[in-house]
Amino acid sequence: MKTKFLMLLMPVLTFAVFCRADQTKTDVVERLQSSTKVVGQILNTPDKGIPDEVWKGAKCVAVVPGLLKGGFIIAAQHGRGVATCRLPNHTWSAPAFFSISGGSWGAQIGVESVDLILMIMNDEGMRHLMGDKFQIGGSVDAALGPIGRNATAGTDWKAGTQILSYSRAKGLFAGIDLGGSWVERDKDSTVALYGKDETNHAVLDGHVPSPPAARAFLAEVRRAKILTAKK
């Protein structure tokens, strides 16, 4: 019985070690590359991905490649992400880094990796993203994102929903409930890429130059806006 329990517990211990890992520049560059792939794969499956209407209205785009979900008795989730916001001159900001973590009661056993996409839809949501920490479902409203090129996002998000959330696992997209999760500025990743601790506000507000490592990621986000603008 004890051996069986330890076997069930091992994925959770592995998950915990991942959550505490320090970030190097190589880690951050790889995350940018993975996030670029996620955005590209979304754009290549428009009929099953994020609606054009959502792309057009987004103030910021945030991606968490390989969000880990795991747990025993209590399910937990943790990941590190990258975000960019649209600037007044219609370009996109340098990438800012954040972590997302939270827990929910459940009976999930094991660890599953999914990609997470957050579409920040208004100025209030962008203001929270520029801060140090906020809770989804607390001070920030979030809703499951609609799916499909021609899907309508409904009236709820236009009326004030700050974030539309999506997940991608095994090539399939779906809305995801992140209620109770905490989003926090990722200082380790920021220092690893920029060489010093820039605030998310400074980065997302356009006061920090975009590094060469972010060019591909920002190019994919620009491509999304260009493709939807033509429709």
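Residues numbered from 1 in each chain as written. Predicted model: local features only at pLDDT ≥ 70, side-chain atom pairs only at ≥ 80, totals over all residues. Heavy atoms only, no water.

Undergrad: Mind showing me how you'd approach helix α5 (residues 187–194) here?
TA: Given 3.6 residues per turn, any residue in an α-helix points the same way as the ones three and four places further on. Within the sequence span of α5, burial applies to S189, T190, A192, L193 and Y194. The backbone nitrogen of D188 lies 3.4 Å from a side-chain oxygen of the residue at the head of α5, namely D186. (Buried < 20%, exposed > 50% of the residue type's maximum accessible area, 1.4 Å probe, protein only. Helix = DSSP H or I, 4+ residues; strand = E, 2+ residues; numbered from the N terminus. Polar contact = N/O pair within 3.5 Å; in protein donor to acceptor, adjacent residues only side chain to side chain.)

Undergrad: I keep staring at the state of the cysteines and nothing clicks. Help me out?
TA: Disulfide: a covalent bond formed between the sulfur atoms of two cysteine residues. Scanning the model with the defined rule gives one disulfide in all. Disulfide pairing is shown between C60 and C85; the S-S distance is 2.0 Å. Between C60 and C85, the S-S dihedral sits near 100°, and the bridge is therefore right-handed. Taken together, the positions of C60 in strand β1 (residues 60–72) and C85 in strand β2 (residues 74–85) put the pair 25 residues apart, joining distant regions of the chain. Assigned by exposure class, C60 and C85 land together as buried. (Disulfide = S-S within 2.5 Å.)

Undergrad: How do you make sense of the pattern of salt bridges when you look at a structure like this?
TA: Opposite charge on two side chains permits pairing when their charged atoms draw close. Using the criterion set out here, one finds eight salt bridges in the structure. Here D186 ties to R31 by a salt bridge, and the two come within 3.6 Å at their closest N and O atoms. Taken as a pair, D186 in the loop between β9 (182–185) and α5 and R31 in helix α2 (residues 25–43) lie far apart in primary sequence, 155 residues in all. Relative accessible area serves as the criterion here: at 3%, D186 is assigned to the buried category. With its nearest N and O atoms 3.6 Å apart, the salt bridge here joins E198 to K196. Ionic contacts of the salt-bridge type, sharing partners, join the residues R31, R80 and D186 into one network. (Salt bridge = Lys/Arg side-chain N within 4 Å of Asp/Glu carboxyl O.)

Undergrad: Explain the nonpolar core here, please?
TA: Side chains of nonpolar character tend, in soluble globular proteins, to be buried together. I50, W55, I100, L116, M119, I120 and F217 are the most contacted members of the largest nonpolar core, which has 56 residues in total. Once residues within four sequence positions are removed from consideration, F217 is found in contact with L32, S35, T36, V39, V63, V82 and T84. (Core = buried A, V, L, I, M, F, W, Y, C linked by side-chain atoms within 4.5 Å. Contact = heavy atoms within 4.5 Å.)

Undergrad: Explanation requested: the pairing of strand β7 (residues 163–169) in the structure shown.
TA: Working note: regular strand, side chains alternate between the two faces of the sheet. Within β7, six of the seven residues are buried, which leaves it mostly tucked inside the rest of the structure. Bridge count between strand β6 (residues 142–144) and β7: three bridges; the pairing is parallel. Residue A142 lies in a different strand from β7, and its bridge partner there is I163. (Pairing = 2+ DSSP bridges.)

Undergrad: In this structure, what is going on with the side chain of H128? I would like to understand it.
TA: Assignment of secondary structure puts H128 in helix α4 (residues 123–129). Those residues in contact with H128, other than ones at most four positions away along the chain, are F134, S139, V140 and Q162.

Undergrad: Looking at this model, I keep getting lost on the side chain of E220. Mind explaining?
TA: Considering the arrangement of structural elements, one finds E220 in helix α7 (residues 215–229). We classify E220 as buried; its relative accessible area is 15%. Side chain to side chain, E220 and R223 meet in a polar contact 2.8 Å long. Ignoring any residue separated from it by four or fewer positions in sequence, one finds E220 in contact with T36, V39, G40 and L43.

Undergrad: In this structure, what is going on with the packing of aromatic side chains? I would like to understand it.
TA: Given two aromatic rings, one states the distance between the centres and the angle between the planes to describe the pair. Throughout the structure, instances matching the rule amount to one aromatic pair. For the pair F97 and Y194, a centre-to-centre distance of 6.5 Å together with 55° between the ring planes defines the contact as tilted. On the criterion of sequence distance, the pair formed by F97 in strand β3 (residues 96–105) and Y194 in helix α5 is long-range, its members being 97 residues apart. Its guanidinium or amino end placed over the ring of W182, K133 lies 4.9 Å from that ring's centre, counting from NZ or CZ. (Phe/Tyr/Trp six-rings, centres within 6.5 Å; stacked < 30°, edge-to-face > 60°. Lys NZ or Arg CZ within 6 Å of the ring centre and 35° of its normal.)

Undergrad: Hey, could you run me through the packing of α2 against α5 in this one?
TA: Helices that pack against each other are described as a pair by the angle of their axes relative to one another and the distance between those axes. Two numbers describe how α2 lies on α5: the axes approach to 8 Å, and their chain directions differ by 95°. Here α5 runs roughly perpendicular to α2, going by the angle between their axes. On α5, the residues touching K25, V28, R31 and L32 of α2 are S189, A192 and L193. (Axes fitted to C-alpha atoms, helices over the stretch in contact; angles between N-to-C directions. Parallel < 35°, antiparallel > 145°, perpendicular 65-115°, else oblique.)

Undergrad: I'm lost on the environment of V64 in this one. Help?
TA: Structurally, the position occupied by V64 is in strand β1. Residue V64 is classed as buried on the basis of its relative accessible area, which comes to 1%. With 53 residues separating them in the primary sequence, V64 and I117 have C-alpha atoms 6.3 Å apart. In contact with V64, other than residues within four places in its own chain, are G79, R80, G81, F98, I100, V114, D115 and L116.

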